[in-house]
Structure formats: structure tokens, C-alpha cells
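# Topology and contacts: notes
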Amino acid sequence: MLSQLKELTRRLLAIHLVSYIRSFTRHGIGNAKRIDEAAANLGSALQLGRTAEASHALHRALNAKPPNPEAALKLAELALVDGDEAAAFELYGRALEIMPDFAEAHLGRGKAAARLGLEVEALKSFRRAFDINPKFPEAGLRLAEWTLASGSAAEALGIYRKVLDIVPDFVEAEYGRGVAALEVGHVEEARNSFDRALKLSPGYPAAITAATFLAIFPTVEHLKSAKPERQLICVPLLPYLRSWLGGQIYLLNFARIMATLPKSQRPRLIVVVMDDAQKNSSLNELVAALFQCNSVIGIFNEAGQSLFLKPLLDRYLQTHRGIHNDQSPQRKLFANVDWTFPVLYPSWGLATVPRPIFWIPDFQHRFWPKYFKAEELVARDRDTIALAKRSVPIVFSSRDAESHFHRFYPERHCRSHVWHFHAAPDLVPLIGDTGEYAALDLPQRFYYTPNQFWPHKNHVTLFRALRRLLDDGHDITFVCTGSELNLEPDSHQRSLLSLIAELNLGRNLRLLGVLPRALQFELFRRACAVIQPSLFEGWSTVVEDARAIGRPLIVSDIPLHREQVDGGAIFFSAQDHISLAAAVSEADSRLAPGPDIERENASREALRGSIMDSARAFLDILGSERRSS
């Protein structure tokens, strides 16, 4: 893909960083040609972490006579990476004062404007960049994306076509053309574009999603009114869930919560697996668990073919097979879908999908932009703005997340709902002290954190707190599960591995990787307490799992956790490892390891009413949307 080629180019340019900096010093400000060469590449200093040195040289070039526009461009890029969009916007403007027809600066100014919420200015800048240089594919791509997001699908389609004339194998543009084509009713062009995007990049999640939706929902010409009761809901298992265990648990909880309703009210769920679950152990486990839910009547693959069917649906499909010459029984089934939930933004290609209900988990990119690439920040805002402007329902898991949506995206025509889900705990027997659990070789007393090793999950504070506890003389073990830490090109994971080595945590820190759900649940049961140090959550599945069986909780003091558990947990200051260590130290003497069967049963009984309330609250959302349609 073009973005991958650009990244490779930046890495190669980083090798020459020192010679570029020396060229500024050796040849002086007067040597414009050498300055142009150096200024054009000094932004690659980020790859080596030498931003101060690069910034100094760039400022010299910008303040030269005549000033160098490339220097302003690179300084703006540095500001964008640092999260200072206002400074970047000003620096791009400075570059354009020097060179008004500088297409790259117009493109960058558009990105900065997008991050500042200046949608009109962003679109104007992207358009100007592409007008100046009609052979500039990235400018065309950004213009097409924002034109589509603003609701002008026909215009966006024309721009995507122009971009593909420049770079025929530009996978993002091919996918975008499919989305735009579908929105204006060019179904065959859309199908061809999605297929071509997948040939260029077989694992492209957005293209997989769009192609699957189009395969099972080829038209909405005869969309029926949503039924008032026993609605049929399509639950897409999107490719975005491959490594997101929290998202997988969300789907499972949704199906289990719906299953608690009386049969006369219970929605019927058909799950569409948009990925090869057999190649992913956690997805394979999720599919099996979903099929056990009474609310799920069938599971289908990305082509709409049945994988697992409950007897009633199996008999229905068998009875109708061969009767309808115009469509297969599966096609007739999908034609009767009332709702599609949850559709995780930024899924597109939804023009034929019956009544999609979007789900936005949180807005961490707004509060912790340093954890995201600049392009991802712009994409998240663009897609959220696109949803906000459309008359569509969006579900948030907390009041906290909804308030952030209203704060950051004030111009909206969508309908927002808050749905608090609760964990319906796994009904699995105790594994016992032999076999799988014994093989983990854990001490009797430990504290458990089940999170992926993503920056906002705040393992840095967790690890430093453990070191503090050990230094204070406590013999305490922290256990973590989640994706394996490795030396792949993930700077955060590399930094965590370095921190672990630096802190010398030894056997007091156990990293167990991804475990089967039943074994993970056993860790919940046996831990002295569950620690959730996260800096940002939409609604924590970790908290819900612990609460479902009555295990003590030690959580970061963020607004979401206050909303979710309030007085039912021990709180510590989110990025303060001393505060976390003090919370564990103070509680350790009164916390006992599990399992505590009596407490588990009491928690299950206490949650029964909350789970039923959660199920009825979701039905209320469907009722509200049915009245709005």
C-alpha cells in the first residue's frame, strides 16, 4: 500500500539524518539547494528520537533569507506528531505564505484543521492541494474521504476514480470508491471495488466488513418495518475484533443479556463471522460460546452460509430450501433482519445494511493522542463526524463517553443512547488445583490484571507499583494476561520489556499471554483482587467480570470507573504508582485469595436484576428507534 511505501521511505531517510544536519552547519544558510535537500528530510529525525537537533536546524532554515518553505513544512509535521495541532496549522500557513502553491503544505494544513475540528477548512485545504497537483494521490484520497464524510457521495466517487487513475493499486482509494459507489446505488461497482481491495490487501478489515455486508445484504429496496417484538438482530463479528478481547467479551455479554429475557420478548440473534475464526483461538472460543446462548439461533460465515444452527432455524431452512426459486432460504432470512448491532465505527459500506446501530466504545484518541499515529487520529475524527452528521443511532456504553461525544462533536443529527451492559458470568466449574491451572504454577496469593498491552492500559504504573511494593518488603505477585509481549516493531511493547528488565521484577511478575476463557475466569476467582489501572475506558469488561463473581477491585480513579463502580472499589490516582502501591499495601492484609463460592453465588443473585434491567433497557432503545423510523 502507498502508506507502507511512505513509511519505508521515512525509515530509509532516517539513516542519513546526521549528514543532513551537518549539511546545514557546513554549507550555511546561503546554500539554498542543500538546505532544500536537508529540510525536506529532517522530519525523519523522529525515527532516531533526535527532534531537538532536527528542530534547531529547521528553524535556522525557516529564518533564512529567503525563508525555506520545506523547513516550515517539516516543523509543522513535527508539531503534528507532538499533538500541537494549533502550532502545526500556523506553520503550514507560514509555508504557504512563502510558497502559496505548495501542495504538500495545503495537504498538511488540511490534516491539522481536521484535528482542530475545522471541517470546512480541512476540506478546502485538501481540495486546494489536489487542484494544484492533480497527480498527488494522497491529496486526492483525503479530499475524497472528507467529501464522502460530509455526505457528498457522488462527488467523492468521482474523486476516488481520479485517484485510481493515478495509482491503480491504491487499496485505500479502491475501498473508498466501493463505499461511495454503494451510497449512490452503484452496487456492482461497489462489489468490484471491494473485491479488488481484498485482492490487493487480503486482510484489510474495512474491506472485509464492507464486502461481507454487501454479500448478505445486497439490497434494501424492500426493507420491512421493524417488528415490535421478537426482533431479528444481525450481530456482525467484525475483523476489528481479532486482537480486541474486550470487544469479544462485549458481544458475548450482549448475547447472554438478551438470553435472560422471557422468550416472548427475547430478540433472535444471527451472528455473522467476518473472519476466519479457526485461525484465531479467542475468536473460535467466542463463536462456540455465542452458540450456547439461547438468544443466538444461528451462526453464518462471510458468504451467508450457515456454520451452526439451532434446531428451529435448521428446520426452517430445510423446509424452505428449494421452494423459493428467486432466493435461498438464507437470503430470505437475512431479508427479514430488523436491526444490525453492534456496528463498530469506522465501518463503512453500510448503504444496504438494515437499520445499523453504531457503537462507539470511547474517545481515548481525544484524551491520549500520543498513543495514536497522526493519520489514525484524523481518520477517527473524520468517521465520527460522518456519523454525527447522519440520522443514525449511536450507542455508548457510559454517560462519560456520551458526554465526550457531545463535547467534541457539537454539530450532529444522530441519535445517541447509553446502554450499560453487565457481565453474565460464565457458568463453568472450578478447574481445581491440577491440570491446566496447576500448570500455571502460580502462588496462592496474587493480584490479577487482564488487559492487552496497549499504552492506555497503563501497565507502566502497574509495574512500577510492584517494584515499590517489593522495595518496601512486601512479597507480592502480579499476574497479567493479554497478548504476548514481544520484540516486534511496537515501540510501546519494547519499552515495557525494557522497563520489566530495568525493574528486575523476576517471578513476582507473571505474564501468561492469552488464556482460554475458562482458565482466565479461574484467575478472576482466585485473585486476592483484580487491578484495573487503565487510563481510559468506555465501560470496563474487566470491572464487570470481577464484579460478577464478587472479587475485590482496585481501580484507577478515572471518571468512567466512578460511574461504573462508585463506592464498590478501592481507587488510586491513575498515573501514580506510589498511590497504587499504597492501595495494594493497605488492602493486602484484609484480602484473601479465592475462590469464595458463597460470595460468587451472592454476587450472581445480586446481578440478576441488573442484567434483566440491562436487557430491557436495550429493548427500549430498539423501541425508540422503531418509533423514529
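Residues numbered from 1 in each chain as written. Predicted model: local features only at pLDDT ≥ 70, side-chain atom pairs only at ≥ 80, totals over all residues. Heavy atoms only, no water.

## Notes on the packing of aromatic side chains
For the structure on display, the rule yields 27 aromatic pairs. Ring centres of Tyr175 and Phe194 lie 6.1 Å apart, and the angle between their planes is 40 degrees; on these two criteria the pair is classed as tilted. One end of the pair, Tyr175, is in helix α11 (residues 171-183); the other, Phe194, is in helix α12 (residues 187-200), and 19 residues separate them in sequence. With a relative accessible area of 8%, Tyr175 lands in the buried category. With a centroid separation of 5.1 Å and an interplanar angle of 40 degrees, the aromatic rings of Phe396 and Phe405 are classed as tilted. Note on Phe396: relative accessible area 0%, which makes it buried. For Phe405, a relative accessible area of 0% corresponds to the buried category. In this structure, Lys310 packs its charged tip against the face of Phe291, placed 5.1 Å from the ring centre. A cation over an aromatic ring shows up here: Arg562 above the ring of Phe571, its NZ or CZ 3.7 Å from the ring centre. (Phe/Tyr/Trp six-rings, centres within 6.5 Å; stacked < 30°, edge-to-face > 60°. Helix = DSSP H or I, 4+ residues; strand = E, 2+ residues; numbered from the N terminus. Buried < 20%, exposed > 50% of the residue type's maximum accessible area, 1.4 Å probe, protein only. Lys NZ or Arg CZ within 6 Å of the ring centre and 35° of its normal.)

## Here we look at the sheet that holds strand β6 (residues 356-359)
Ordered in space as β4-β3-β2-β1-β5-β6-β7-β8, the 8 strands form an open sheet in which the pairing is mixed. Each end of this open sheet is capped by a strand with a single partner; those strands are β4 (306-309) and β8 (415-418). Taken pair by pair, the neighbouring strands of this sheet meet at an average axis angle of 25 degrees, ignoring direction. As defined by bridge partners, β6 adjoins strand β7 (residues 393-396) across 2 bridges and the pair is classed as parallel. Residue Phe358 lies in a different strand from β7, and its bridge partner there is Ile394. (Pairing = 2+ DSSP bridges. Axes fitted to C-alpha atoms, helices over the stretch in contact; angles between N-to-C directions.)

## Comments concerning the side chain of His422
Mapping His422 onto the fold places it in the loop between β8 and α21 (436-439). Owing to a relative accessible area of 14%, His422 belongs among the buried residues under this scheme. Only 3.2 Å separates the side chain of His422 from the side chain of Glu544, close enough to count as a polar contact. With near-sequence residues (within four places) excluded, His422 lies in contact with Asn253, Ile257, Trp539, Glu544, Arg547, Ser610, Ile611 and Ser614. (Polar contact = N/O pair within 3.5 Å; in protein donor to acceptor, adjacent residues only side chain to side chain. Contact = heavy atoms within 4.5 Å.)

## Points about the sheet that holds strand β11 (residues 509-511)
Spatial ordering of the open sheet is given by β11-β10-β9-β12-β13-β14, a layout of 6 strands whose pairing is parallel. Of all the strands in the sheet, the pair left with one neighbour each is β11 and β14 (570-572). Here the average twist between neighbouring strands, direction ignored, is 25 degrees. Relative to strand β12 (residues 529-532), strand β9 (residues 447-450) runs parallel, the two sharing 2 bridges. Counted as the bridge partner of Tyr447 is Ala529 from β12. Set on the sheet, helix α24 (residues 517-526) makes contact with β9, β10 (478-481) and β12; between it and β9 the angle comes to about 140 degrees.

## Looking at α24
The element α24 is extensively covered by neighbouring structure, given that 9 of its 10 residues are classed as buried. All buried positions along α24 are accounted for by Arg517, Leu519, Gln520, Phe521, Glu522, Leu523, Phe524, Arg525 and Arg526.

## Observations regarding the pairing of strand β13 (residues 553-556)
Residues of β13 alternate between two faces, with Leu553 and Val555 on one and Ile554 and Ser556 on the opposite face, all of them buried. Relative to β13, β12 runs parallel, the two being bridged by 3 bridges. Each bridged residue has a counterpart across the sheet, and for Ile531 the counterpart in β13 is Ile554. The β-α-β motif built from β12, the intervening helix α25 (residues 541-548) and the parallel element β13 has right-handed crossover chirality. Bridge count between β13 and β14: 3 bridges; the pairing is parallel. Bridge pairing links Ser556 to Phe572 in β14. (Right-handed = clockwise from strand over helix to strand, strands pointing away.)

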